[in-house]
Amino acid sequence: MNDKAPRSFLASPQAAWMLAIGIIAGLASFPLWRGVSPWGGCLAMLVVLVTLHMLYASRLVVPFPHIAILICTLQYGLAPWAAHYLPAQNAEYHIKNLTQYFAYAGPATLAIALGWALICVRLHLSGRTASGSRMNPALVRDLHLMFWGGILLKVALGSSGLGGLAFFFLLLANLRFISVMGLMILGAPGWRWRLALVMFLEIVTSAGSGMFHEFVLWSLGLFAVYAFARRPPLPMFLGCLAVIGVGVFLLNDAKWQLREAIWGGTEEVVVFGKNIEVTSWNRPLVAGLCLVQSGTKAFSGGYSRESMGDMVMRFNQGWIIERILQHVPEEQPYAHGETVISAFKAALLPRVFAPNKAIAGGRFLMERYADYTPFEDTSMNLGFAGEMYANFGYRGGIVGCGIYALILGLLFRWVAV
């Protein structure tokens, strides 16, 4: 099937109506951001523009840049904005000076979007021709090997302690997702059941641990590849995005019941008024029931204002950035690139060869630059927007965010071409 999609990644015949709808969205949200910050209207416009352009761009390339921009806008813009109306119960997570916060977070988010957009200048991609007869047999064979190797490693990692090599083997296990993405793009036979298998395995392991972060991120990545490979119409595209957004919100509520049973030692949950014992075998089923219960609460008014505020807080990284803005440089001097260099060195050397390198989790950085001590066994970090400010200040932090996005974008451009 010959594809007649436009070749230019940024330029689009639909650009005028995309921009018009974005401006309308920004102006229509005026009653909500009037008492917060004008940056709210800019970020609302950005979300609409990126979402609409994502459908167009997916005709040419996997729209990972759009996913990255939307996640940053949610964490640095929309969630802090929503938290103004639905504050968390714990006042420690409140943003006390929204004007000061958005004066940094607003330009930083736009710099991130600009960094990703710059890599698309003069990026011309030819239209694709889908034909099973043109598949490279060697490539399909390698993708199959990656799939089964990743599956075996994923199962093995569940019961093995590998010390400093654990993260390395985790990356190899994730090749199962890359394999499914490749097979989906090729339209190779069997990609559907392989997709179902990796998602089933991810659901089982996520429910077993009570941690769903990787499941959500891989789901977003697979959706981006699906949009590129299958080209759903606009209603289906927006519908899938809505299902993912609502699903993440409901999952955030459901997981706390599961975690209390697994981590808190209660070993049971209350679902629809009945006590259900949680075992290592029925956790996926219990997680599904908790998710269904969270969905029914949305239609029956079961979410209190306080619980809504706590759920919004889970998506909100703004309170961390605001603490950094308050603490640096008044109480803690700028790092002047120290944490960035340390992270770069840590990324290059595996712990087997550098046992004293920085430990993941961000506890030290949170205490030093945000004046906040995370709970024991809690993984929390400054976020790259917060870390850029802690190193380089207001202007340097904004520029640093743009450069960071640009570097990631250049890697994406190389892969796309």
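How each quantity is defined
- Residues numbered from 1 in each chain as written.
- Predicted model: local features only at pLDDT ≥ 70, side-chain atom pairs only at ≥ 80, totals over all residues.
- Heavy atoms only, no water.
- Helix = DSSP H or I, 4+ residues; strand = E, 2+ residues; numbered from the N terminus.
- Polar contact = N/O pair within 3.5 Å; in protein donor to acceptor, adjacent residues only side chain to side chain.
- Contact = heavy atoms within 4.5 Å.
- Buried < 20%, exposed > 50% of the residue type's maximum accessible area, 1.4 Å probe, protein only.
- Pairing = 2+ DSSP bridges.
- Salt bridge = Lys/Arg side-chain N within 4 Å of Asp/Glu carboxyl O.
- Phe/Tyr/Trp six-rings, centres within 6.5 Å; stacked < 30°, edge-to-face > 60°.
- Lys NZ or Arg CZ within 6 Å of the ring centre and 35° of its normal.
- Expected span 1.5 Å × (residues − 1).

**Student:** Please give an account of the side chain of Thr339 that cites residues and values.
**Tutor:** As for its position among the elements, Thr339 is in helix α15 (residues 338-348). At a separation of 2.7 Å, a polar atom in the side chain of Thr339 contacts the side chain of Asn391. If sequence neighbours within four positions are ignored, Thr339 has contacts with Leu365, Tyr369, Glu387 and Asn391.

**Student:** Run through the side chain of Gln293, naming residues and quoting values.
**Tutor:** Its place among the elements puts Gln293 in helix α12 (residues 283-300). Excluding residues that lie within four positions of it along the chain, Gln293 makes contacts with Gln257, Val270, Val271 and Phe272.

**Student:** I'd like to hear about the pairing of strand β1 (residues 268-271), residue by residue, with values.
**Tutor:** Side-chain alternation along β1 places Val269 and Val271 on a buried face and Glu268 and Val270 on a face that remains uncovered. Pairing analysis gives 4 bridges linking β1 to strand β2 (residues 274-277), with the strands arranged antiparallel. Looking across to β2, one finds that Val270 is bridged to Asn275. In sequence, β1 turns back onto β2 through a hairpin of 2 residues, with Phe272 there showing a positive phi of about 55°.

**Student:** Would you mind going over the pattern of salt bridges in detail, with residue names and values included?
**Tutor:** Under the defined criterion, the tally for this structure stands at 6 salt bridges. Between Arg323 and Glu92 there is a salt bridge; the shortest N-O distance is 4.0 Å. Of the two residues, Arg323 is situated in helix α14 (residues 318-327) and Glu92 in the loop between α4 (64-85) and α5 (98-118); the sequence distance between them amounts to 231 residues. Note that Arg363 and Glu367 form a salt bridge whose closest N and O atoms lie 3.7 Å from each other.

**Student:** Any details on the packing of aromatic side chains? Residues and values, ideally.
**Tutor:** The final tally for this structure, using the stated rule, is 18 aromatic pairs. Put simply, the rings of Tyr104, Tyr334, Tyr389 and Tyr394 pair up and form one aromatic cluster. For Arg194, the ring lying beneath its charged end belongs to Phe147, and the centroid distance is 5.5 Å.

**Student:** Can you break down unusual backbone geometry residue by residue, with the values?
**Tutor:** Cis rather than trans, the peptide bond between Val328 and Pro329 has omega equal to 5°. Relative to the helices and strands, Pro329 resides in the loop between α14 and α15. Residues other than glycine seldom take positive phi values, yet Asp371 does so here, at roughly 55°. Relative to the helices and strands, Asp371 resides in the loop between α16 (363-369) and α17 (383-416). Take Asp371: its relative accessible area is 48%, and that puts it in the partly exposed class.

**Student:** Which residues make up α12, and what are the values?
**Tutor:** Relative to the 26 Å expected for 18 residues at 1.5 Å per residue, α12 spans 25 Å between its end C-alpha atoms, a close match to the ideal helical length. Restricting attention to buried positions, one finds in α12 the residues Arg283, Val286, Ala287, Cys290, Gln293, Ser294 and Gly295. Against α9 (191-209), α11 (234-262), β1 and β2 lie the buried residues of α12.

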